[in-house]
Amino acid sequence: MIKEMRLKANAKINLGLDVLRKREDGYHDLRMIMQSISLHDVLELTLTRTPGIRIRTNLGFLPVNEDNLVHKAAALLFEEFGTEQGVFIDLKKNIPVAAGLAGGSSDAAAVLTGLNRMLDLKLTTEELMERGVRIGADVPFCILKGTALAEGIGEQLTVLPALPRCSILLVKPPVHVSTKYVYTHLRADELSEHPDIDGQIEALHTGDLACLSAKMGNVLETVTLPAHPVIGTIKDKLRSLGALNAMMSGSGPTVFGIFDDPQKAREAYSRLKSEGAYQVFLTEGINQ
Ligand code: ATP
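## Concerning the state of the cysteines
Note: disulfide means a covalent bond formed between the sulfur atoms of two cysteine side chains. Summed over the entire model, instances satisfying the criterion amount to 0 disulfides. For Cys 142, which is in no disulfide, the shortest distance to another cysteine sulfur is to Cys 166 and amounts to 19 Å.

## Let's talk about the site of the ligand
The environment of the ligand is formed by 19 residues, the closest being Asn 68, Ala 98, Ala 102, Gly 104 and Asp 138. At 3.3 Å from an oxygen atom of the ligand is found a main-chain nitrogen or oxygen belonging to Ala 99. Interatomic distance of 3.0 Å between a backbone N/O atom of Gly 100 and an oxygen atom of the ligand. Contact with the protein chains covers 76% of the free accessible surface of the ligand, which is 620 Å². Counting residues per element, the shell around the ligand draws most heavily on helix 2 (residues 103–118), which supplies 4 residues. Its residues assigned to classes, the shell around the ligand comprises 8 nonpolar, 6 polar and 5 charged.

## Brief notes about the domain arrangement of the protein chain
Where interface size is given, it is often the accessible area lost as the parts come together that is meant. Under the domain assignment, the protein chain is made up of domain 1 (4–159) and domain 2 (167–283). Here the C-alpha centroids of domain 1 and domain 2 sit 23 Å apart. At the interface, 26 residues of domain 1 touch 34 residues of domain 2. Between domain 1 and domain 2 the total buried area reaches about 2,300 Å² when both faces are included, carbon and sulfur atoms providing 66% of it. Applying the counting rule to domain 1 against domain 2 returns 1 salt bridge. At the surface where domain 1 touches domain 2, the tally comes to 10 residue pairs in polar contact (both at pLDDT 80 or more). Within the residue set of the side of domain 1 that touches domain 2, elements represented by two or more residues are strand 1 (4–22), strand 2 (28–48) and strand 5 (147–152). Per-element tally for the side of domain 1 that touches domain 2: the top contributor is strand 1, with 10 residues.

## Re the pattern of salt bridges
Pairing between side chains becomes possible if they bear opposite charge and their charged atoms approach one another. Using the criterion set out here, one finds 16 salt bridges in the structure. Across the salt bridge formed by Glu 190 and Arg 187, the nearest N and O atoms sit 3.9 Å from each other. Judged by relative accessible area, which is 56%, Arg 187 ranks as exposed. Taking the shortest distance from any N to any O, the salt bridge between Lys 237 and Glu 275 comes out at 2.8 Å.

Definitions and limits used
- Residues numbered from 1 in each chain as written.
- Predicted model: local features only at pLDDT ≥ 70, side-chain atom pairs only at ≥ 80, totals over all residues.
- Heavy atoms only, no water.
- Disulfide = S-S within 2.5 Å.
- Near = heavy atom within 4 Å.
- Polar contact = N/O pair within 3.5 Å; in protein donor to acceptor, adjacent residues only side chain to side chain.
- Areas by Shrake-Rupley, 256 points an atom, 1.4 Å probe, with all protein chains shown as cover.
- Helix = DSSP H or I, 4+ residues; strand = E, 2+ residues; numbered from the N terminus.
- Nonpolar A, V, L, I, M, F, W, Y, C, P; charged D, E, K, R; others polar.
- Domains from an automatic or database assignment.
- Contact = heavy atoms within 4.5 Å.
- Buried area = accessible area lost by both parts, 1.4 Å probe.
- Salt bridge = Lys/Arg side-chain N within 4 Å of Asp/Glu carboxyl O.
- Buried < 20%, exposed > 50% of the residue type's maximum accessible area, 1.4 Å probe, protein only.

What follows is the structure in structure tokens.
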């Protein structure tokens, strides 16, 4: 049995995000291109003799009780497989919270993956993903990682060819966007434009970064851009600083720019960081 494990929980961006329709159960049918990026949280898991789930985190405002997604992940496996032991989870957050980067989902995915190995549960990746979706729609992708098409509520995944090499600059303005607010205000049946997700898949197959970037689109911007004009300002800034294209990730507010020139990306990073108004991260895509 492995007693201690250190895990990386990678953030994700959406290279394309389309909403097909609102379902009767209130969820939306989505079609998204998901991409893992190098920005990550670090989790240290230690099995303890005393039962229970204890959490420590460097972010004082995050819950350390059953509201934390890492607690939900550990509880799910403990309940199903019944263990005498407990776990201590030390969570170092680097991924901004409630930012459209699936930080919490990725932490949960890391706990599922880690405990599966530590407790020798022998669950396959698919079996872990089936459990992950009960915690959140993005959790299965965070277990899989890499580049994938996500359909349904985000849990039906098809692996795609890796993103061509590029720099990804993340910019998070200090505004709060609630995912619930965005989906409740989205007029899914009245969208005049839909991103060309199939075109993006084609571009991944041919390794054409410029074409992939040109086809980027996120229908959730129809709600967040009018509510938070700063998101549009950041998109324009990233493009003027040399990004092939820029878009909001998930339900926001984080905006990312795709750069084929790493030097331009570094310059844009320094420029935006020195302005001091936003959180800025220079990252890249990671493969499965
Ligand atoms: P998504 O893109 O999946 O909507 P997000 O990046 O917008 O996710 P998260 O950072 O995953 O948002 O989390 C949002 C909410 O979940 C916060 O309100 C936070 O209090 C709660 N939460 C619970 N556990 C965690 C965790 N481990 N890390 C971050 N947030 C967590």
